[in-house]
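Summary of the model geometry
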Amino acid sequence: MTFLEVSREPGRSNWELARLAVHLRGYAAYDDDPPADEARRLQEAFTVDELRRADTFLEAGSQDTDRLAAIEARLGTDATGDEAWLAQQLTTAWARLDKLRDRIDTGGSLMANTHVASAIDYIRGSRP
């Protein structure tokens, strides 16, 4: 099986592609051979470029906490100035973003998850 040569829905945004990729990967988990089923489902739905765009979008949404920890360690506990302030602001922002993503993931039918997730370019259920 090979990927699609021509997109089924040209013009889809990276967010829409990533959302579909997460959805298809979720279904593959129920198969007897999840990796093979995942590959089949993705190849039937995407061109090579579309899958690359979807995966790049999902990777960009992950927080590089190791890099932030390295920056904070380099700055030390007595650091002042713009770098220390920015590191602290980023830590706070990521914590709040995690809380928001948790609420989107567990919101169920209490809110329009897709609308809220799309407002912050988050793919529901995309975090490990």
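Now for a description of the structure that goes with this document. Starting from 1, residues in each chain are numbered consecutively following that chain's sequence as written. Two thresholds apply to this predicted model, a pLDDT of at least 70 for residue-level local features and 80 or more for giving and counting side-chain atom pairs, whereas whole-chain, interface and lining totals are computed over all residues. Only hydrogens and water are set aside when side-chain values are computed; all heavy atoms of the structure are taken into account.

Of the volumes computed, that of the largest pocket is approximately 320 Å³. Only protein atoms enter the calculation, which uses a 1 Å grid: trapped sets of points that fit a 1.4 Å probe without letting it out are cavities, open sets showing protein on both sides within 12 Å along at least five of seven lines are pockets, and any residue with an atom within 4 Å of a point is a lining residue. If you go around the largest pocket, you meet 15 residues; those closest to its centre are Leu58, Gly61, Ser62, Arg101 and Arg127. Helix numbers and strand numbers start at the N terminus; a helix is a DSSP run of H or I with at least 4 residues, a strand a run of E with at least 2. Residue assignment for the lining of the largest pocket shows that the elements contributing at least two residues are helix 3 (48-60) and helix 5 (82-106). With 3 residues, helix 3 is the single largest residue contributor to the lining of the largest pocket. Split into classes, the residues belonging to the lining of the largest pocket amount to 7 nonpolar, 4 polar and 4 charged. Grid points are joined across faces, edges and corners, and a volume is the space filled by probe spheres set on the points. Ten residues, namely Ala, Val, Leu, Ile, Met, Phe, Trp, Tyr, Cys and Pro, are considered nonpolar, four, namely Asp, Glu, Lys and Arg, are considered charged, and the remaining ones, Gly among them, are considered polar.

This brings us to the nonpolar core. Among the nonpolar cores identified, the biggest contains 12 residues, and these are Trp15, Leu17, Ala18, Ala21, Val22, Leu24, Leu42, Ala45, Phe46, Leu51, Ala54 and Ile123. Counting residues per element, the ones that place at least two in this core are helix 1 (14-28), helix 2 (34-45) and helix 3. Per-element accounting of this core gives the leading share, 6 residues, to helix 1. Throughout, a residue-residue contact means that at least one pair of heavy atoms, one from each residue, lies within 4.5 Å. Beyond its immediate stretch of four places on either side in the chain, Ala21 contacts Leu42, Phe46 and Ala54. By nonpolar core we mean a set of buried residues, namely Ala, Val, Leu, Ile, Met, Phe, Trp, Tyr and Cys, connected to one another through side-chain atoms within 4.5 Å. Summary of the burial criterion: residues with accessible area below 20% of their type's maximum are buried, those above 50% are exposed, and those between are partly exposed, where the area comes from a 1.4 Å probe applied to protein chains only. Ranked by size, the runner-up nonpolar core spans 5 residues in total, among them Leu68, Leu75, Ala84 and Ala87.

Looking now at the side chain of Ser7. Mapped onto the secondary structure, Ser7 falls in the segment before helix 1. Among the polar contacts listed, one links the side chain of Ser7 to the backbone nitrogen of Glu9, at a separation of 3.2 Å. With residues near it in sequence (within four places) discarded, Ser7 still touches Arg12, Thr47 and Glu50. Think of a polar contact as two N or O atoms within 3.5 Å of one another; within protein, one of them needs to be a possible hydrogen donor and the other a possible acceptor, and neighboring residues in sequence only count if both atoms come from side chains.

What follows deals with helix 5. In this scheme, a helix's expected span is set at 1.5 Å multiplied by one less than its residue total. The end-to-end C-alpha separation of helix 5 is 36 Å, in line with the 36 Å expected for 25 residues at 1.5 Å each. Taken residue by residue, helix 5 has Ala84, Ala87, Trp94, Arg101 and Ile104 as its buried positions. Trailing helix 5 by a residue or two, Gly108 shows a phi angle of about 60 degrees, which is positive.

Two numbers describe how helix 4 (residues 65-75) lies on helix 5: the axes approach to 10 Å, and their chain directions differ by 150 degrees. Considering the angle they form, helix 4 stands roughly antiparallel to helix 5. You can see that helix 4 and helix 5 cross each other, and the crossing is left-handed. Of the residues in helix 5, those in contact with Thr65, Leu68, Glu72, Arg74 and Leu75 of helix 4 are Glu83, Ala84, Ala87, Leu90, Thr91 and Trp94. Of the residues that constitute the contact of helix 4 with helix 5, the class distribution is 6 nonpolar, 2 polar and 3 charged. Each axis is a line fitted through C-alpha atoms, and for a helix only the stretch in contact is used; angles between axes span 0 to 180 degrees, taken between their N-to-C directions. Oblique is the label for any angle not covered by the other classes, which are roughly parallel (under 35 degrees), roughly antiparallel (over 145) and roughly perpendicular (65 to 115). Here a crossing is taken to be left-handed if its near helix is turned anticlockwise relative to the far helix by less than a right angle, and right-handed if that turn runs clockwise.

Turning our attention to the pattern of salt bridges. For salt bridges, the criterion is a side-chain nitrogen of Lys or Arg within 4 Å of an Asp or Glu carboxyl oxygen. According to the stated counting rule, one finds 7 salt bridges in the structure shown. Of the charged contacts, one joins Arg25 and Glu38 as a salt bridge, the two residues approaching to 3.2 Å between their closest N and O atoms. Taken as a pair, Arg25 in helix 1 and Glu38 in helix 2 lie far apart in primary sequence, 13 residues in all. Assessed through its relative accessible area of 28%, Glu38 is described here as partly exposed. Between Arg40 and Glu44 there is a salt bridge whose closest N-O contact spans 3.2 Å. Within this pair, Arg40 and its partner Glu44 are both found in helix 2, separated by 4 residues, close to a single helical turn.

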